[in-house]
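So you can see what is in the structure, the chains are spelled out below.
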Amino acid sequence: MDFKTKTRKEVEDSYKIDFKKFYTNEKEFEKDIELVNKNLPIIESFKSKVVENSDTLYKLLELFFKTIVVIEKVYVYGSLMNSVDESDINGKNLYAKAYDLYNDFANRTAFIKIEIIEADSKKIHQFLNENKDLKLYDYYLTEMIRSKEHTLSEKEEILTNEMSMLASNYNKIRDTLFFEDIKYGEIKDSNGNKIEITNQNIGQLLKDKDRNLRKRAYKRYTESRSLFQSTFASALNSKLKYDLKISKILNYDSPLDMSLFDYNLNKKVIDNYLSVADEYHDLYGKYNLLLKKSLGYNKLYAYDLSADSFEESKKEYSVEDAQKMLLQAFSTYGKQYTDYLQNIFDNRMVDYIPTKNKATGAFSIGAYLVGSIAFVNFFGKLENISTLAHELGHAVHSRYTFDNNHPVYADSSFLLVEIASITNEIIFSDYILKTSKNNLEKYKLLKSLLDVLLGNYFLVAGRMELQNKLYKLLEDGKTITADILNDTNLEVSKRFELNNVDVLEYDKNIWMKVSHYYNLYYNYQYAIGVSVAAYFSSKILKNGGIEANNYLEFLKNSGRKDPYDLLKDYNVDLMNRKTFEVITDVIKEKLVEFEAVINELKKEER
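I will try to describe carefully the structure that is included in this document. Because the structure is predicted, anything quoted here is derived from the model rather than measured.

**Considering the nonpolar core**
Now for step 1: If you look at the biggest cluster of nonpolar residues, it comprises 205 residues, and the most contacted ones within it are Phe 428 and Tyr 524.
Now for step 2: A per-element tally of this core places helix α18 (residues 439–475) first, with 20 residues.
Now for step 3: In this view, Tyr 524 contacts Leu 256, Ser 259, Leu 260, Tyr 263, Leu 265, Ile 270, Leu 415, Val 460 and Met 464; residues no more than four positions away in its chain are not counted.
Now for step 4: Formed by eight residues, the second largest nonpolar core is a distinct cluster that contains Leu 152, Leu 250, Tyr 252 and Met 258.

**Considering helix α14 (residues 319–329)**
Now for step 1: Taken as a whole, α14 has its buried residues at Val 319, Ala 322, Gln 323, Met 325, Leu 326 and Ala 329. Buried residues in α14, looked at end-on, bunch into an arc of 170°, giving them a common side.
Now for step 2: Looking at the buried residues of α14, the elements they touch are α15 (335–346), α16 (382–404) and α17 (414–435).

**Some words on the environment of Ala 110**
Now for step 1: Structurally, the position occupied by Ala 110 is in helix α4 (residues 110–118).
Now for step 2: For the pair formed by Ala 110 and Glu 44, sequence separation is 66 residues and the distance between their alpha carbons is 9.8 Å.

**Quick notes on the sheet that holds strand β3 (residues 350–351)**
Where strands meet in a sheet, backbone hydrogen bonds hold them as pairs that are either parallel or antiparallel.
Now for step 1: Read from one edge of the open sheet, three strands run β3-β5-β4, paired in mixed fashion. The open sheet terminates on both sides in strands that have one partner only, identified here as β3 and β4 (363–367).
Now for step 2: As defined by bridge partners, β4 adjoins strand β5 (residues 371–375) across five bridges and the pair is classed as antiparallel. Bridging across to β5, Gly 366 finds its partner in Ser 372.

**A closer look at empty space enclosed by the protein**
Now for step 1: This model, assessed by the stated rule, comprises one cavity of 30 Å³ or more.
Now for step 2: The computed volume of the largest cavity comes to approximately 80 Å³.
Now for step 3: Around the largest cavity, the lining residues are Glu 312, Ser 313, Lys 315, Tyr 317, Lys 381, Leu 382, Glu 383, Glu 441 and Lys 444.
Now for step 4: Contributions of two or more residues to the lining of the largest cavity are made by α16 and α18.
Now for step 5: Looking at the lining of the largest cavity, its residues break down into two nonpolar, one polar and six charged.

**Here we look at the pairing of β5**
A regular strand carries its side chains on alternate faces of the sheet.
Now for step 1: Among the five residues in β5, five count as buried, and that is most of the element.
Now for step 2: Pairing analysis gives two bridges linking β3 to β5, with the strands arranged parallel. Residue pairing in the sheet places Asp 351 in a bridge with Phe 375 of β5.
Now for step 3: In this antiparallel pair of consecutive strands, β4 and β5, the connection spans three residues.

**Comments concerning the pattern of salt bridges**
Now for step 1: Applying the stated criterion across every chain yields a total of 37 salt bridges.
Now for step 2: Between Lys 358 and Asp 351 there is a salt bridge; the shortest N-O distance is 2.8 Å.
Now for step 3: Between Lys 469 and Glu 491 there is a salt bridge whose closest N-O contact spans 3.0 Å. With a gap of 22 residues between them, Lys 469 in helix α18 and Glu 491 in helix α19 (residues 482–493) connect regions that are remote in the sequence.
Now for step 4: One network of salt bridges, in which partners are shared, links Asp 278, Glu 465, Lys 469, Glu 491 and Arg 495.

**What to know about the packing of aromatic side chains**
Now for step 1: Summed over the entire model, instances satisfying the criterion amount to 46 aromatic pairs.
Now for step 2: Taken together, a centroid distance of 4.6 Å and an interplanar angle of 40° make the contact between Tyr 184 and Tyr 221 tilted. Here Tyr 221 lies in helix α9 (residues 211–226) and Tyr 184 lies in the loop between α7 (154–181) and β1 (186–188), a separation of 37 residues in the sequence. One exposure class covers both Tyr 184 and Tyr 221, and it is buried.
Now for step 3: Grouping aromatic residues by their ring pairs yields a cluster made of Phe 330, Tyr 333, Tyr 337, Tyr 340, Tyr 400, Tyr 535, Phe 536, Tyr 551, Phe 554 and Tyr 570.
Now for step 4: Its guanidinium or amino end placed over the ring of Phe 261, Arg 146 lies 4.2 Å from that ring's centre, counting from NZ or CZ.
Now for step 5: Geometry around Tyr 297 places Arg 211 over its ring, the cationic atom sitting 3.6 Å from the centre.

Conventions used here
- Residues numbered from 1 in each chain as written.
- Predicted model: local features only at pLDDT ≥ 70, side-chain atom pairs only at ≥ 80, totals over all residues.
- Heavy atoms only, no water.
- Core = buried A, V, L, I, M, F, W, Y, C linked by side-chain atoms within 4.5 Å.
- Buried < 20%, exposed > 50% of the residue type's maximum accessible area, 1.4 Å probe, protein only.
- Helix = DSSP H or I, 4+ residues; strand = E, 2+ residues; numbered from the N terminus.
- Contact = heavy atoms within 4.5 Å.
- Arc of directions from axis to C-beta.
- Pairing = 2+ DSSP bridges.
- 1 Å grid on protein atoms, 1.4 Å probe; cavity = no way out; pocket = protein on both sides within 12 Å on 5 of 7 lines; lining within 4 Å.
- Points joined across faces, edges and corners; volume = space filled by probe spheres on them.
- Nonpolar A, V, L, I, M, F, W, Y, C, P; charged D, E, K, R; others polar.
- Salt bridge = Lys/Arg side-chain N within 4 Å of Asp/Glu carboxyl O.
- Phe/Tyr/Trp six-rings, centres within 6.5 Å; stacked < 30°, edge-to-face > 60°.
- Lys NZ or Arg CZ within 6 Å of the ring centre and 35° of its normal.

Quick look at the structure:
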């Protein structure tokens, strides 16, 4: 297969999303927007009557969620149309319409939550007892009542929602700077050819065999960012100040408390995680020493961490090869899972091929009325199949929740979504290690997996530590400047991702690359996801079918309870420190395998 960048029209239909699964034409898209706008006044007619009686409340919630799934379909379609070609004006317009529809709906239906929360909780429980149909919404209503002390008046809720939308502009400022305004310039390769450095190609440049090229690319990339570091710092300072202010307005003790409340999560869970990460942080250093060994260098720098230590494998995999391998690897879950997977392949719910102006990276997004999409950029490499496994983990997880739940419980908690994707990566890695005779393939996959495990666990711990320090500085009345960010970031990085790496002056501004800092304590969710994925995958690989069935039941039910209570149902206790130690055992095991493969490849080179 030819993996050079093509226009979208040049790609075979079988490798692209079938948008007709959403709408056969844009008139149907507009028709759904009209349906939402038709339903909105009917929903608004319930104002001041939401808790009039149990039948009224039930009818309102049914209409509300029937409308929600239509908005979701509109939004996912608009988002995907924008992602497949980010230069396309029509795609941008569709996404803007979908976004505005979602925002308008949220504001105009804010009264529902207010009236339910302001009602006597005994009244709501009485409704639940007397109306068997309403019983469906028991957990949903209970969770809403739980948020009473953090809910404002209707006008204030609309205002804080608008403030939240405005606060998201800080991230947009960061993205505009990072992806549009910064020009990274050019360097020359060993043949004298000019290469323009971009956000799209820097990853590949840092994997190049030519160390001098990597060094110059990294230096130019980081130094170009530093020219804008004061603007980056100002935007981040403002967003973090907003987090502190809004947490106080909503009666939370801190931004972290506000984030944990959404999941009804005890702070001890975070304390357990961070204490384990701190105790075992040297695992990152051991990994970096193995990279250093594989490269044969006396000193290891940040621009070496992604480098290919050995000759690039010339083997390429077709999309069909990838599909076959994934079906074989995930047969360990059982027939139901592979049937879901085959259905996703057959119905063109994956967008595979990198095309001109297509969004970079990979993600999964789903709509209850349609299903879930995996969006990737597949170049025919083994590590691309691992990425596909990750995104399909999300997609199949969504299918399980969509097919087994009413819309009210078909949206898995964000705290849990990374579990399915990373479990897939670990299972796929195990499959390759057991079936492949190619040491280079094993090396590539182990490196990719270790990057995921270490990054989602230890790198996240470092980011949380940095965020904690930044919020503390703001609480003490200080302003977060670029110098403070540079110095604090470097201090934290030396303990984690730059452990046993020779630090350079321009390593300080890594923080500018991280958009997650603009989201309220977004990172720990990945750490919990990777920890639980390590737990589930270890059990499945050891005990097979029984554990796989337990895991699939978890996928079906992941929107029905608080994450902590749900995981307890499947023998995962986040309040137990040992839960966060399982992944350290997995990482240790993979480091041993990684070193063995490196030794074998060194022998082959001789």
